[in-house]
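So you can see what is in the structure, the chains are spelled out below.
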Amino acid sequence: MTPAIKVLLADDQALLRSAFRVLVDSEPDMRVVGEAADGAQAVEVARAERPDVVLMDIRMPGTDGLTATRMISADPDLADVRVVMLTTFEVDEYVVQSLRAGASGFLGKGAEPDELLNAIRIAAGGEALLSPAATKGLIATFLAQGGSGVQDGPGAAGYAERLAALTTREREVLVLVAGGLSNDEIAERLVVSPLTVKTHVNRAMAKLGARDRAQLVVIAYESGLVRPRVE
């Protein structure tokens, strides 16, 4: 029997945490292992409970969600913890910073219950929450405009050596990942098996020092390998 997905809820609104807890605990394949009212507490509980997924509010008093995500991502003992950022607005100036800090993606607080549960399962499975297409457009727009936090990244020069270590096929797969395609879609495009695509993705992640697919997307844009298209 597959172990239940362990979820940590981090939000300063107690009522919202309670609603999320009821929803998550109603699912047979997941359970809430802790709650936090601010970022510092979220990091503390994450270290104690080792959740699979943290639902992290971006804006919290004291230590905010962005700082907490960076702390979780920087802790080797929490390498397997995935963070899904919760935001009040679909277009949030901190989304790109969140992805670069180590988050696996973001979700609007207005999402439907099924969307939230699906997001938890996707993150726990190691995938990135980069859909719908609006998310890709958001990342592209911020990078094209030098949006918040992007200037602090390594940029093209910083990634040049690591990109050079990629094989031609790994670079090809990286570009398609940055386009928001799933492993199955990439496999169909390249006429290979999804398992082969997963292998290429994992190797690219290792060579580029990326935690997950979300990080690969940001690296692809920041390095200049993929040029953002701003409408």
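Residues numbered from 1 in each chain as written. Predicted model: local features only at pLDDT ≥ 70, side-chain atom pairs only at ≥ 80, totals over all residues. Heavy atoms only, no water.

Q: When you look at the overall build of the protein chain in this model, what are you seeing that I'm missing?
A: Regarding its fold elements, the protein chain presents 11 helices and 5 strands. Taken over 231 residues, the protein chain has a buried fraction of 48%. Taken as a whole, the protein chain presents about 11000 Å² of accessible surface, with 51% of it coming from carbon and sulfur. (Helix = DSSP H or I, 4+ residues; strand = E, 2+ residues; numbered from the N terminus. Buried < 20%, exposed > 50% of the residue type's maximum accessible area, 1.4 Å probe, protein only. Areas by Shrake-Rupley, 256 points an atom, 1.4 Å probe, with all protein chains shown as cover.)

Q: Help me understand the confidence of the model for the protein chain, please; the structure alone is not making it clear to me.
A: A low pLDDT score tells you not to read the predicted coordinates there in detail. For the protein chain, per-residue confidence averages 83 on the pLDDT scale, and residues scoring 70 or more make up 81% of the total. Across residues 147–152 the pLDDT falls below 50, and counting only partners more than four positions away or on other chains, this stretch makes 13 contacts in the model. (pLDDT = per-residue confidence, 0-100. Contact = heavy atoms within 4.5 Å.)

Q: Please explain the nonpolar core as it appears in this structure.
A: Counting 24 residues, the largest nonpolar core has V173, L174, V177, I186, V201, L208 and L216 as the members making the most contacts within it. Residues A42, I58, I72 and A103 belong to the second largest nonpolar core, which totals 19 residues. (Core = buried A, V, L, I, M, F, W, Y, C linked by side-chain atoms within 4.5 Å.)

Q: Looking at this model, I keep getting lost on the pairing of strand β3 (residues 53–57). Mind explaining?
A: A regular strand places its side chains on the two faces of the sheet in alternate fashion. Extensive coverage of β3 is indicated by the burial of 5 of its 5 residues. Of the two faces of β3, the one carrying V53, L55 and D57 and the one carrying V54 and M56 are both buried. Sheet analysis places strand β1 (residues 5–10) next to β3, joined by 4 bridges and oriented parallel. For L9, the partnering residue across the bridge sits in β3 and is L55. Taken together, β3, helix α3 (residues 65–74) and strand β4 (residues 82–87) form a β-α-β motif whose crossover is right-handed. (Pairing = 2+ DSSP bridges. Right-handed = clockwise from strand over helix to strand, strands pointing away.)

Q: Please clarify how helix α10 (residues 194–208) should be interpreted in this entry.
A: Since the α-helix packs 3.6 residues into each turn, any two residues three or four apart lie on the same face. The terminal C-alpha atoms of α10 lie 21 Å apart, and with 15 residues this matches the ideal 21 Å at 1.5 Å per residue to within 8%. Of all the residues in α10, the buried ones are V197, H200, V201, A204, M205 and L208. Summarising the axial view, the buried residues of α10 lie within an arc of 135 degrees, below the 170-degree limit, and thus occupy one face. Exposed residues on α10 whose side chains face more than 90 degrees from its buried face are L195 and A206. (Expected span 1.5 Å × (residues − 1). Arc of directions from axis to C-beta.)

Q: Got a minute to help me understand the pattern of salt bridges in this structure?
A: Tallied over the full model, the rule gives 8 salt bridges. Two residues, E170 and K207, come together in a salt bridge whose shortest N-O distance is 2.9 Å. Residue E170 is located in helix α8 (residues 168–178), and its partner K207 is located in helix α10; the two are separated by 37 residues in the primary sequence. A cluster of three or more residues bridged by salt bridges with shared partners is formed by R17, R21, D25 and E35. (Salt bridge = Lys/Arg side-chain N within 4 Å of Asp/Glu carboxyl O.)

Q: Hey, could you run me through unusual backbone geometry in this one?
A: The phi angle at R50 is positive, at roughly 50 degrees, despite the residue not being glycine. When you line up the elements, R50 lands in the loop between α2 (39–49) and β3.

Q: What is the right way to look at the sheet that holds β4 in this model?
A: Backbone-to-backbone hydrogen bonds pair the strands of a sheet. The strands run either parallel or antiparallel. Strand order in the open sheet formed by 5 strands is β2-β1-β3-β4-β5, and the pairing between neighbours is parallel. Single-partner strands in this sheet number two, and they are β2 (30–36) and β5 (105–108). Between one strand axis and the next, the sheet turns by 25 degrees as a mean value, whatever way the strands run. Taken together, the 6 bridges between β1 and β2 define a ladder with parallel strand orientation. Each residue of the ladder has a partner; that of I5, found in β2, is M30. Its contacts with the sheet place helix α1 (residues 14–25) against β1, β2 and β4, and it is angled at close to 160 degrees to β2. Here α2 sits on the sheet and contacts β1, β2 and β3; the angle it forms with β2, its principal contact strand, is near 135 degrees. (Axes fitted to C-alpha atoms, helices over the stretch in contact; angles between N-to-C directions.)

Q: Help me understand the pairing of β2, please; the structure alone is not making it clear to me.
A: Burial of β2 is extensive: 5 of the 7 residues sit out of reach of the surface. On the question of chirality, the crossover connecting β1 to the parallel β2 by way of α1 is right-handed.

Q: How do you make sense of the packing of α8 against α10 when you look at a structure like this?
A: Angle between the axes and distance between the axes are the two parameters that describe a pair of packed helices. Between α8 and α10, the shortest axis-to-axis distance is 9 Å and the interhelical angle comes to 95 degrees. Considering their axes alone, α8 and α10 lie roughly perpendicular with respect to each other. The segment α8 lies against α10, with R169, E170, V173, L174 and V177 engaging V197, H200, V201, R203, K207 and L208. Here the residues of the contact of α8 with α10 sort into 6 nonpolar, 1 polar and 4 charged. (Parallel < 35°, antiparallel > 145°, perpendicular 65-115°, else oblique. Nonpolar A, V, L, I, M, F, W, Y, C, P; charged D, E, K, R; others polar.)

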